[in-house]
Amino acid sequence: MPASYAYLGPEGTFTEVALRTLPEAATRELVPYVSVQSALDAVRDGEAEAAFVPIENSVEGGITTTLDELVAGRPLMIYREVLLSITFALLVRPGTRLSDIKTVTAHPAAQPQVRNWLKAHLPDAAWESAASNADGARLVQEGRYDAAFAGEFAASRYGLVPLETGIHDAENAQTRFVLVGRPARPAAPTGADKTSVVLWQRDDHPGGLRDLLGEFATRGINLMLLQSRPTGAGIGNYCFCIDAEGHISDRRVADALAGLKRICLQVRYLGSYPRADLKPGDADAPRQDTSDEAFAAAADWVGRCQDGRF
């Protein structure tokens, strides 16, 4: 029996479409789960080799359900990412007209991406959230709602028809998905990589976030995601989810993580993995003073000073 990948289901989600773009998906059994949490728990419990879940979209930013699971659950690691352009169709049962629609449904992350369209075309329709966009289509099939925002490709799977297509409030909207597995040695660097971490401050003090970000800034490391999430320890207590350019094997990234480990209450390493928006070799070279060669030369100089050879 082939190894399995869990993903946010049911069948017909954008998550499934993105997952099938990975070459290795062709050699795995793809198993839909009802929630991000259950898909990730399948990995933690050894039921699946990896899980594929959405983590960020270009309209609303980080997807909090996934971020919170990676922050608070048993440790997991990101190994791959996929970017998928997102456009919605309004799926209905055959014979339904726009004027018939009183209720619509979709995943909560879809609402900000169709809000203006909904206001312009269905201003009186009541919105109800679904576990996923494909699950919303299933609920329309069952007659619980009149219409669902989902991928046009989901229509045939649920006996629905696309009443409207190409729906999106923001041009070039994308969702980022990640392949998550149990902790292990990260893949070798490609030269176009990303490192993800979660940081907890030791205490709340003026300039605390600046201190954390300074560990990246002084080493010339660009950040691509910075999102605060409540720790559950009371109002005002937050941790910070960060995506940074580079790989943990890069001297500047390793040095920044070491610095963060010294000043933070806790650091959770979520992995170093290839960027989906760049090909190897396309990433900008680090500043000369933050290159691996510069770190090696500086360490050599310190060693010579310690030996009295300066």
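Everything quoted here is computed from the prediction, not taken from an experiment.

### Let's talk about the overall build of the protein chain
Helix and strand counts for the protein chain come out as eight helices and 15 strands. On the principal axes, the C-alpha backbone points of the protein chain span a range of 85 × 50 × 35 Å. Counting all 310 residues of the protein chain, 46% fall into the buried class. Accessible area of the protein chain: about 15100 Å², with a carbon and sulfur share of 50%. Taking the 31 positively charged and 40 negatively charged side chains of the protein chain as two groups, their mean positions are separated by 3 Å.

### What to know about unusual backbone geometry
Glycine aside, residues mostly have negative phi angles, and peptide bonds mostly take the trans form. A cis geometry characterises the amide bond from Gly9 onward to Pro10, with omega recorded as 5°. With respect to the element layout, Pro10 can be found in the loop between strand 1 (4-8) and helix 1 (14-19). You will see that Asn172, though not glycine, has its phi angle at about 60°, which is positive. For Asn172, the location among the structural elements is in the loop between strand 10 (161-167) and strand 11 (174-181). Here Asn172 falls in the exposed class, since its relative accessible area comes to 68%.

### Observations concerning the side chain of Glu215
Tracing the sequence through the fold places Glu215 in helix 6 (residues 208-217). Apart from the residues within four sequence positions on either side, Glu215 is in contact with Ala256, Gly259, Leu260 and Ile263.

### Concerning the packing of helix 7 (residues 251-263) against helix 8 (residues 292-306)
It is the contact of helix 7 with helix 8, at a shortest axis distance of 8 Å, that shows an interaxial angle of 65°. Contacts between helix 7 and helix 8 involve Arg251, Arg252 and Asp255 from the former and Asp292, Phe295, Ala296 and Ala299 from the latter. Within the contact of helix 7 with helix 8, the residues separate by chemical class into three nonpolar, no polar and four charged.

Scoring rules and cut-offs
Residue indices begin from 1 for each chain and proceed along its sequence in written order. Reporting of local features is limited, given that this is a predicted model, to residues whose pLDDT is at least 70; pairs of side-chain atoms are given and counted only at 80 or more, and all residues count toward the totals for whole chains, interfaces and linings. To obtain the side-chain values, all non-hydrogen atoms of the structure were used and water was disregarded. Numbering of helices and strands runs from the N terminus, with a helix taken as a DSSP run of H or I at least four residues long and a strand as a DSSP run of E at least two residues long. Only protein chains enter the accessibility calculation, which uses a 1.4 Å probe; a residue whose area is less than 20% of its type maximum is buried, one above 50% is exposed, and one in between is partly exposed. Areas reported as accessible are Shrake-Rupley estimates using a 1.4 Å probe. Residue values count occlusion only from the protein chains shown. Only four residue types enter the charge count, namely Lys and Arg as positive and Asp and Glu as negative; His and the chain termini do not. Charged groups are reduced to one reference atom each: NZ for lysine, CZ for arginine, CG for aspartic acid, CD for glutamic acid. Between two residues, a contact is recorded if the distance between any of their heavy atoms is within 4.5 Å. Only the contacting stretch of a helix is used when fitting its axis, a line to C-alpha atoms as for every element, and angles between N-to-C directions run 0 to 180 degrees. Under the scheme applied, nonpolar residues are Ala, Val, Leu, Ile, Met, Phe, Trp, Tyr, Cys and Pro; charged residues are Asp, Glu, Lys and Arg; polar residues are all the others, including Gly.

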